[in-house]
Structures are given as C-alpha cells and as structure tokens.
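# Notes for the structure review
Here is how the chains run, residue by residue.
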There are 2 protein chains.
Amino acid sequence: MTAAARGPAPAEAETFALWTARRCEQVERALEALLPALAEPPARLHEAMRYATLGGGKRVRPLLVYAAGELVGAPDAALDAAACAVECIHAYSLVHDDLPCMDNDVLRRGRPTVHVAYGEATAMLVGDALQALAFDAVARTHAHGVPAASVVAMTALLARAAGSLGMAGGQAIDLDAVGRRLPAQALQDMHQRKTGALLAAAIGLGAACGLVAPADRAWLDRYGAAIGLAFQVVDDILDVVGDAAALGKTAGKDADDGKPTYVSTLGLDASRRLADDLLGEARAAVAALGPGARRLGDIAELIVTRHS
Amino acid sequence: MTAAARGPAPAEAETFALWTARRCEQVERALEALLPALAEPPARLHEAMRYATLGGGKRVRPLLVYAAGELVGAPDAALDAAACAVECIHAYSLVHDDLPCMDNDVLRRGRPTVHVAYGEATAMLVGDALQALAFDAVARTHAHGVPAASVVAMTALLARAAGSLGMAGGQAIDLDAVGRRLPAQALQDMHQRKTGALLAAAIGLGAACGLVAPADRAWLDRYGAAIGLAFQVVDDILDVVGDAAALGKTAGKDADDGKPTYVSTLGLDASRRLADDLLGEARAAVAALGPGARRLGDIAELIVTRHS
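Residues numbered from 1 in each chain as written. Chains lettered and ligands numbered in written order. Predicted model: local features only at pLDDT ≥ 70, side-chain atom pairs only at ≥ 80, totals over all residues.

### What about the overall build of chain A?
Rule in force here: The way it works is that DSSP assigns letters per residue, a run of H or I at least four long becomes a helix, a run of E at least two long becomes a strand, and they are numbered from the N terminus. For the radius of gyration, the atom set is restricted to C-alpha positions; the globular benchmark scales as 2.2 Å times the number of residues to the power 0.38. Field definition: a residue is buried when 20 or more other C-beta atoms are found within 10 Å of its C-beta, exposed when 12 or fewer are, and partly exposed for counts in between, with C-beta atoms placed from the backbone. By definition, residue pairs are in contact when their C-beta atoms, positioned from the backbone, come within 7 Å.
Secondary structure summary: chain A contains 15 helices and two strands in total. The C-alpha radius of gyration computed for chain A amounts to 19 Å, which stays within 12% of the reference 19 Å derived for 308 residues, consistent with globular compactness. With respect to the three principal axes, the spread of C-alpha positions in chain A is 50 × 50 × 35 Å. Within chain A, the proportion of its 308 residues that are buried is 55%. The contacts of chain A with a sequence gap of at least 6 include a subset with a gap of at least 24, amounting to 75%.

Now the structure itself:
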C-alpha cells in the first residue's frame, strides 16, 4: 500500500491552527470524562488532579497521538484514550518535578503549582494517581476497537517510556548533573530519556491505535527521535532568550539552578543550528511518510518555531 | 467443572511454611530479573529501586497471586510477572508513604527508609519508576501465555486498585483523617481503598493468569474483601500490642500520629472479634472454592494470626 493510498489526508480546508484547536478541545473533553468527578471522594484529591491536568498546557503529546493516529486511520475514540494516557503521564511528571525536593517551582502555566495550592502530600498523591490513571486509559483503548495485543504493546511502551529507563531515569540523571558540565552526548542521553521517550511514546501510541505499514515504522521512529531532541533544544534556547510571561515560568531558571543545558554546552548559535538540523530530519521523515503525515509535519514546525 | 476436578491440589507433602519459602524465593528471583541491573544507568536510581524492593517484606501480595493462580492452574512464569507487578506497586507505595511530607518514617523492615538512605528526590523517583515497572510486568504476562484480552483486564484492574479510587485515594482519605475520629464505616472505606484494593487485585491478577470458573469469581471476591479488611484490623491491633523489633517499625506510631485505627474506633476486644469474624468469612469462601484453594486458606490464617 502506498502512502498516498493509505487514507485521506486531512481536509485541505482545515488550517493547522484550527486542527490544533479542535484536537485540544477534544483531549480536554476526554480528560474531563476520564478524571473522576469532583464530587467523587476523595474530593480534594480529585479536585487537585483536575487542577493539574485540565485547562492548560500546549498538549504537544496529545497532538502527536492524534497526528500519528491520522496517519494510520485509527478510530478517534481510541486516540482520545491514548492522548489522555500520555497527557496524564506528562501532567504527573510536572507535579512531581515541581515539588520542593525536586525543582521547587511555585509557578506553572502562570498558576501556583499543585503543591503550593494543595500541599506537598496531596501533590505527591496527585502524581501517583495520575500515573495509574494513564495505564487505565491505555486499557480503555481496547473498548474502542484497538486489538488486545496492540493494547498490551502500548502498555509496555508507555511503561518503559515513563520508567527508570525513560522519563523517571532522565530525571534521576538530571538530579545528579546539577552543577556539572555534561558532555554533549551525556546531555543528549539525559534529554532523550527525560523528554524524548514520552514524545516518542505519544507517536507510538497513536500509531498503535491503527495499522502501521512496516516501512513506515522506521520513519516514525526517526521523526520521533528528531522532534524529541528538538523539543528540548528549543526549551533550553527559550530558557535563555524567552520571557517569563510567554513561558508561564521563570526564564533563566534552569541555567540559574546550575543545570546543564544545550545552550550552556553548545552555545546559543550552535543550539539554534542543531534545532534547524533536527527540523530537517523530521521534515525528511514526514516526506517519506506521505500526505497522511501532514499534521506530524506541522507539529515539527510548531515545536521548533514556538516562542513559549 | 467441579472444584475438585479443576486441577491438582498442592502436593500434600509440602507444608505451608515450605510453600511460602519457595514462593518467596521465586518472587525474589523474578524481581531480581525484572529490576534493571545495578550497572544500568542511572545506577543510583536502580540501586535505590532494588533497595526498596528486594530482600525484605512478608510478600503477602505475591503469595496471594500464586495461591489464586494455583486455584486456576495458571502458568508459573505468568504468575511470577503478576506477583512482581503487585509487589512493585506495594513497594512504591511504602517508599512514598515514608517520605517526610507523608508519614515521615525513618525505619522500614528494620532498615533506613529509602529517602533516609538515598535522599527525598531519589525516593520520589524510585516510587514513580516502580509504578511504571509494575505495568511493564503486567504486560509481560502475555509473553508467558496469558491471553492479550486478559492482560488488558489485568492492566485496568491494577490501575484502578492503585489509583485515586483505590490505594492512592485511600492515602488521601487517611491524610484528611489525621486527628479526627472516623465512624466505623468511613474507616472501613478508607482501608478498603488503602490496603484492601491492592490485596484484592493480587487475587484478581493471579486468577486472571488462568481460567476462573464463573461460580468461583464471587467466592474469590468475598475471600478478597474479607482478608483485605482483616489485614488492616490486625495491623491496627499489632500497632497497639506488637513490639518494634518484631514489626521492624515503631509500635504505636499510628495511634501517636493521631490516625484513626480500628482499635481507636472499636476498642481492642471488638477489633479482635472483627478479625475472627473476617477469618470465618474467608474460610467459608475457601471451603466453597474447594481443595485447589488450600493456599488461599493458609494465607488467611497467616494474616489473622501473624505477630508482625
């Protein structure tokens, strides 16, 4: 099956901005429905889980789930559940990272962080419960038409992306690196785990909700590796050149905390060139994947050209 | 199929003590193999994960997995993975519960708690990574012969037992209850979530690794509900009458912390009678399940008659 024959490209009439708005609304509704209601005890925990998850964020990971799902013609309801799963993992990681024993951040998306608003113990439980909810959401894709064997593979993929060889492991390396100057390769390894693994998992989960042509699998992996790194390089650039109002957090904080960044390791100009090179790699993968990968291409541009 | 015809009862020659020792060794080996090696980076995180998980604990949840698995003739390798899954969730919950923002415990199983030994940030990441590893372990049961649809059901079961409507939710209720006197029903609800949900999930996971006769499902649920509550009632009794050396933690700590307990709510004698009544319920369920449920019966006796 050729790329062009695989499924309809998104309607030409819908701009990327409209697509993004539609998909963001969609994941917001799905998260609303997945999260236990406010009235459900323990009410304070559920309120804090909703505070941590709803009404904010760029939703980059859910957008990747939908974009990869469109490439493979996956059913929308399954993609909603998969998008919720990665966003719950992402939201839990932010809540735990913001805690005093980690980054000690008081502001997130322009609002008090969860532990400031609800206390440290509740913030820890919010993260713990959101991680469990993520795997519940993966299991729910089965009821929306994803074959059970694919759901098992998705469970393993998300668990490894979130665990000690993925995101949590990246955090641990980050902790150990404070105040040190990391070689470029070690920095890349840290970010691949800390940020890249979950971004790649978002693509993998979306694709697993449909049928991936074997030839496309390698291109999806290359796309995921490129945008995963690009995301972090741009984050580090914005930490230096961005302003707090646009970022919703304190600019320069990572550098001030003595954390190694791409900018501190490579310098600003080389970091910008690296981001451009990675965008080129992502574009090449998108071209190979064909017109169904259009939204993956749009997201790659968004990641590299964003200002917050 | 009658209970007697369903599969061989455990060999008469093996005492419960020998069975327990054998199964505990088995889950220890399985955890050893599941946990990333010490040399695998991030080494400090992996060392702390092993410290939190290996070489200690009563392994009640893994024993329940094996006992329920024996009832349904489940393959041993699948039970190993399922036993690891519940034990990883249990171990993560202890690490997080011990943190200063929660119970602030410095001693666990007679050793310094994880945050005392490795620092708070690492302890939080240990818990986060162990929860992810638990779901990875559930997914691995598929490679050991469990049908994919059963694995999806197991994923959902464990996620709900661990999440805000289960264990994490019970912790949140516990937090809010400090210094208050809870009605017996609210206390029971709290413990059902905090401890009972994961014990019941252990039974459910073991049973899902094989084929459960429909008539047995309700008896397994009744057994699980009874021993789940009995476990906590006996915990509360031991907190009052036990000694620190046998418990491996500070006796009387829960009462001193102003936490409502069965003993503080019902009194010591009524708590003992409740434990006996629950043991009776568990025995009735075991009798209905037949000789294949022999080890479930043994575990119920162990839970109620233990001294630590």
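### Quick look at the interface of chain B and chain A
Where we set the bar: Think of it as three bins: nonpolar holds Ala, Val, Leu, Ile, Met, Phe, Trp, Tyr, Cys and Pro, charged holds Asp, Glu, Lys and Arg, and polar takes everything else, Gly as well.
The interface is formed by 44 residues belonging to chain B together with 44 residues belonging to chain A. Mapped by element, the contributors of at least two residues to the side of chain B that touches chain A are helix 2 (43–53), helix 6 (120–140), helix 7 (148–162) and helix 8 (167–177) of chain B. For the side of chain B that touches chain A, the element with the most residues is helix 6 of chain B, which contributes 14 residues. Within the side of chain B that touches chain A, the residues separate by chemical class into 28 nonpolar, ten polar and six charged.

### So, the relation of the copies chain B and chain A
The relation between the two copies of this chain is a rotation about an axis and a shift parallel to it. Rules: Copies overlap after least-squares fitting; the atoms used are the C-alpha atoms of residues with pLDDT of at least 70 in both.
Note on the copies: chain B fits chain A at an RMSD of 0.0 Å, the axial shift is 0.0 Å, and the rotation between them is 180°. Both copies are brought into coincidence by an operation consistent with a two-fold rotation axis. The C-alpha atom lying nearest the rotation axis in chain B is that of A148 of chain B; the distance is 2.6 Å. Taken as a fraction of all interface residues of chain B, those also at the interface in chain A reach 100%, which identifies the copy contact as same-surface.

### Let's talk about helix 3 (residues 60–71) of chain A
Residues and elements named next belong to chain A. Note the cut-off: What a helix is expected to span follows from its residue count: subtract one and scale by 1.5 Å.
When the terminal C-alpha atoms of helix 3 are compared, their 17 Å separation across twelve residues agrees well with the 16 Å that a helix rising 1.5 Å per residue should span. Burial analysis of helix 3 places eleven of its twelve residues in the buried class, the great majority of the element. Those residues of helix 3 that sit buried are R61, P62, L63, L64, V65, Y66, A67, A68, G69, E70 and L71. Following helix 3 by one or two positions, G73 adopts a phi angle in the positive range, close to 65°.

### Comments concerning the confidence of the model for chain A
Residue and element names in this part refer to chain A. Cut-off, in case you're wondering: Scored from 0 to 100, pLDDT records how confident the predictor is in each individual residue.
Overall, the prediction assigns chain A a mean pLDDT of 91, with 91% of residues at 70 or greater. Under a pLDDT of 50 for its full length, residues 1–5 has, in the predicted model, eight contacts with residues more than four places off or in other chains. Across the predicted assembly, pTM comes out at 0.93 and ipTM at 0.93.

### What about unusual backbone geometry?
Backbone torsion omega between P41 of chain A and P42 of chain A reads 0°, so that peptide bond is classified as cis. Mapped onto the secondary structure, P42 of chain A falls in the loop between helix 1 (16–34) and helix 2 (43–53). Non-glycine residue N104 of chain B carries a positive phi angle of around 55°. With respect to the element layout, N104 of chain B can be found in the loop between helix 4 (76–98) and strand 1 (107–108). For N104 of chain B, a count of 12 C-beta atoms within 10 Å corresponds to the exposed category. Backbone geometry places R109 of chain B, a non-glycine residue, at a positive phi of 55°. Here R109 of chain B is to be found in the loop between strand 1 and strand 2 (111–112). R109 of chain B sits in the partly exposed class, given 13 other C-beta atoms within 10 Å.

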